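In case you want the letters, here they are:
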Amino acid sequence: DTAVSQTPKYLVTQMGNDKSIKCEQNLGHDTMYWYKQDSKKFLKIMFSYNNKELIINETVPNRFSPKSPDKAHLNLHINSLELGDSAVYFCASSRIRDSGANVLTFGAGSRLTVL
Amino acid sequence: EDQVTQSPEALRLQEGESSSLNCSYTVSGLRGLFWYRQDPGKGPEFLFTLYSAGEEKEKERLKATLTKKESFLHITAPKPEDSATYLCAVPGAAGNKLTFGGGTRVLVKP
């Protein structure tokens, strides 16, 4: 009964390939996110969706395309992979609150290695 | 743009040796400050939210405090199971975008 689950956990691929990472949450949250954690462990937001609508789109190459088929799922597709895309990608979810900040629940991460 | 800086980058402690981690932040208006714990190979796990200067929260051997410019995470009499990376973060204006610091990697040796 994992709250936020990501697949695959590990992904090793060649430069130029296209790959996808899937995320699902069973917490009933209405907002989902993709974060990237680089080799120096900095966590940076990439995208956020609220009820399937894109609400945050940071400066990310357009080779990265998120898709949210419903509010429980957020997938990340990456085209033409480059060496610099190697990182751990975390999916997270939260419930938008009327006041106060939102507590994010994170998945276990998907480690992408581009050779 | 919101900025979060954590220090030290790494901390080695003997079991029982108390210490503090620092998180300094620059934001246009504080809408809360989060502390997360991250174990190797796992995602960050929520610990605390602090909203106003002077606020304190505790959980087992951890206590988080907040001032107008920084937050501290105090670890009292740590045990080896407290070994982890501790991350602090501040939310953006809409409350749904967290800016994280680089983390403090804590190792507690028995």
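Higher on the page you've got the structure.
Described below are features of the structure shown in this document.

Residue and element names in this part refer to chain A. The strand order across the open sheet built from 4 strands is S1-S3-S8-S7, with neighbouring strands paired in antiparallel fashion. Strand pairing shows two members of the sheet lacking a second neighbour, strand S1 (4-7) and strand S7 (64-70), which therefore form its edges. Between one strand axis and the next, the sheet turns by 15° as a mean value, whatever way the strands run. Summarising the sheet, strand S3 (residues 19-25) and strand S8 (residues 73-78) pair through 4 bridges and their orientation is antiparallel. Across the sheet, serine 20 pairs through a bridge with histidine 77, a residue of S8.

Residues and elements named next belong to chain A. A full pass over the atoms with the stated rule returns 2 disulfides over all chains. Here cysteine 23 connects covalently by a disulfide to cysteine 91, the sulfurs 1.9 Å from one another. Between cysteine 23 and cysteine 91 the disulfide shows an S-S torsion of about -80°. By sign, it is left-handed. Of this pair, cysteine 23 sits in strand S3 while cysteine 91 sits in strand S9 (residues 87-94), and the two are 68 residues apart along the sequence. Just as cysteine 23 is buried, cysteine 91 falls in that class too.

Residue and element names in this part refer to chain B. Examined against the element boundaries, leucine 107 turns out to sit in strand S11 (residues 104-109). Spatially, the C-alpha atom of leucine 107 lies 21 Å from that of alanine 89, the residues being 18 residues apart in sequence. Those residues in contact with leucine 107 that lie beyond four places of it in its chain are Leu11, Arg12, Leu13 and Ser83.

Below, the discussion takes up the pattern of salt bridges. Going through the model one piece at a time under the given rule, you end up with 7 salt bridges over all chains. A salt bridge links Lys97(B) to Glu58(A); the shortest N-O distance between them is 3.2 Å. Here Lys97(B), found in the loop between strand S9 (84-91) and strand S10 (98-100), pairs with Glu58(A), found in the loop between strand S6 (53-57) and S7, and the two come from separate chains. Across the pair Arg63(A) and Asp85(A) runs a salt bridge, and its minimum N-O distance is 2.8 Å. Residue Arg63(A) is located in the loop between S6 and S7, and its partner Asp85(A) is located in the loop between S8 and S9; the two are separated by 22 residues in the primary sequence. Of the residues examined, Arg63(A) reaches a relative accessible area of 14% and is grouped as buried. Judged by its relative accessible area of 4%, Asp85(A) falls in the buried class. When salt bridges with common partners are traced through the structure, they connect Arg63(A), Glu82(A) and Asp85(A) into a single cluster.

The next point concerns the sheet that holds strand S1 (residues 3-7) of chain B. Backbone hydrogen bonds are what pair the strands of a sheet, in a parallel or an antiparallel way. Residues and elements named next belong to chain B. One open sheet accounts for 5 strands, arranged S1-S3-S8-S7-S6; its pairing is antiparallel. Where the open sheet ends on each side, the last strands, each with one partner, are S1 and strand S6 (56-59). Averaged over neighbouring strand pairs, the angle between their axes works out to 15° when direction is ignored. Sheet topology places S1 next to strand S3 (residues 19-26); 5 bridges connect them, and they run antiparallel. Within S3, the residue paired with serine 7 across the bridge is asparagine 22.

Here we take up the interface of chain A and chain B. Each partner contributes to the interface: chain A provides 22 residues, whereas chain B provides 20 residues. Together, the buried faces of chain A and chain B total about 1,600 Å²; carbon and sulfur atoms form 57% of this surface. Our enumeration of links across chain A and chain B arrives at 1 salt bridge. Among the elements of the structure, strand S4 (31-37), strand S5 (43-50) and S6 of chain A are those that each provide at least two residues to the side of chain A that touches chain B. In terms of residue count, the dominant contributor to the side of chain A that touches chain B is S4(A) (3 residues).

Rules of the game
Residues numbered from 1 in each chain as written. Chains lettered and ligands numbered in written order. Predicted model: local features only at pLDDT ≥ 70, side-chain atom pairs only at ≥ 80, totals over all residues. Heavy atoms only, no water. Pairing = 2+ DSSP bridges. Helix = DSSP H or I, 4+ residues; strand = E, 2+ residues; numbered from the N terminus. Axes fitted to C-alpha atoms, helices over the stretch in contact; angles between N-to-C directions. Disulfide = S-S within 2.5 Å. Buried < 20%, exposed > 50% of the residue type's maximum accessible area, 1.4 Å probe, protein only. Contact = heavy atoms within 4.5 Å. Salt bridge = Lys/Arg side-chain N within 4 Å of Asp/Glu carboxyl O. Buried area = accessible area lost by both parts, 1.4 Å probe.

Note that every value here comes from positions in space, so none of it alone points to a role or purpose.
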